[in-house]
Amino acid sequence: MTKKSRIKATLAAGLLGLLVLPSLASADEATARKLINSLGCKGCHTIEGSGGSIGPNLDKVGSQMAPEAIKQQLLNPKANNPNSIMPSQAHLSADDINALVEFLSNLK
Ligand code: HEC
């Protein structure tokens, strides 16, 4: 490859990345929204303005909790509160957990 064609290839790959990345991000967001609805999180939590009040409102959880702490709450709610009534989500795949953590971390 000549230097010029290498530069062109790098630019093309970069452009492709710019096109692909946002669609990946929104796929994760769609996954997270589906999970939140199907898992019944809103039965206890207000998320994006709608839901219950048995658990804390999550609309600003991204500025209140680190992603790791959110993840721990999802996997093992009793770690923070031994009497927690929140169901563990440890049965979910790592991808699903990550989609939820990322989505919640962006609620600021
Ligand atoms: C049966 C009610 C209930 C359900 C269903 C529930 N939660 Fe919770 N959640 C709670 C309660 C209560 C807390 C407060 C901490 C505790 O007691 O564990 C909490 C805490 C949290 C926190 C930490 C917030 C904070 O400010 O401490 C996050 C994040 C969270 N829940 C996410 C979720 C997600 C995502 C779902 C759906 C997968 C879900 N919860 C389902 C009751 C619930």
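Residues numbered from 1 in each chain as written. Predicted model: local features only at pLDDT ≥ 70, side-chain atom pairs only at ≥ 80, totals over all residues. Heavy atoms only, no water.

Novice: Can you help me understand the site of the ligand in this one?
Specialist: Around the ligand, the structure places 18 residues, and the nearest of them are Cys41, Cys44, His45, Ser84 and Met86. Take His45: an N or O atom from its side chain is 2.7 Å from a nitrogen atom of the ligand. A distance of 2.9 Å is found between an oxygen atom of the ligand and a side-chain nitrogen or oxygen belonging to Asn81. If you map the ligand onto the pockets, it falls in the largest pocket. Across the shell around the ligand, the residue classes tally to eleven nonpolar, seven polar and no charged. (Near = heavy atom within 4 Å. Polar contact = N/O pair within 3.5 Å; in protein donor to acceptor, adjacent residues only side chain to side chain. 1 Å grid on protein atoms, 1.4 Å probe; cavity = no way out; pocket = protein on both sides within 12 Å on 5 of 7 lines; lining within 4 Å. Sits in = over half its atoms within 2 Å of the grid points. Nonpolar A, V, L, I, M, F, W, Y, C, P; charged D, E, K, R; others polar.)

Novice: When you look at the coordination of the iron atom of the ligand in this model, what are you seeing that I'm missing?
Specialist: Reference geometry at the metal: tetrahedral coordination by four donors gives ideal angles of 109.5 degrees; octahedral coordination by six donors gives 90 or 180 degrees. Bound to the iron atom of the ligand on the protein side are His45 (NE2) and Met86 (SD), at distances that span 2.0 to 2.2 Å. Classification of the site at the iron atom of the ligand rests on its six donor atoms, whose angles at the metal span 86 to 177°, yielding the label octahedral. Taken together, the residues span a long stretch of sequence, with His45 in the loop between helix H1 (3–38) and strand E1 (46–47) and Met86 in the loop between helix H3 (67–75) and helix H4 (94–105) at a distance of 41 residues. Residue classification places His45 among the buried positions, given a relative accessible area of 11%. (Donors = N, O, S within 2.8 Å, 3.2 Å for Na, K, Ca; no water. Tetrahedral: all angles 85-135°; square planar, octahedral: opposite > 155°, others 65-115°. Helix = DSSP H or I, 4+ residues; strand = E, 2+ residues; numbered from the N terminus. Buried < 20%, exposed > 50% of the residue type's maximum accessible area, 1.4 Å probe, protein only.)

Novice: Is there a simple way to think about the layout of surface pockets in this case?
Specialist: Rolled over the atoms, a probe sized like a water molecule indicates the empty space that remains. Each pocket or cavity is described by its volume, and for the largest pocket that value is around 560 Å³. His45, Pro56, Leu58, Gln73 and Met86 are the residues nearest the centre of the largest pocket, which is lined by 26 residues in total. Put simply, the parts of the chain that give the lining of the largest pocket at least two residues each are helix H2 (61–64), H3 and H4. Among the elements that make up the lining of the largest pocket, the one with the highest residue count is H3 (three residues). For the lining of the largest pocket, the class distribution of residues is 17 nonpolar, nine polar and no charged. (Points joined across faces, edges and corners; volume = space filled by probe spheres on them.)

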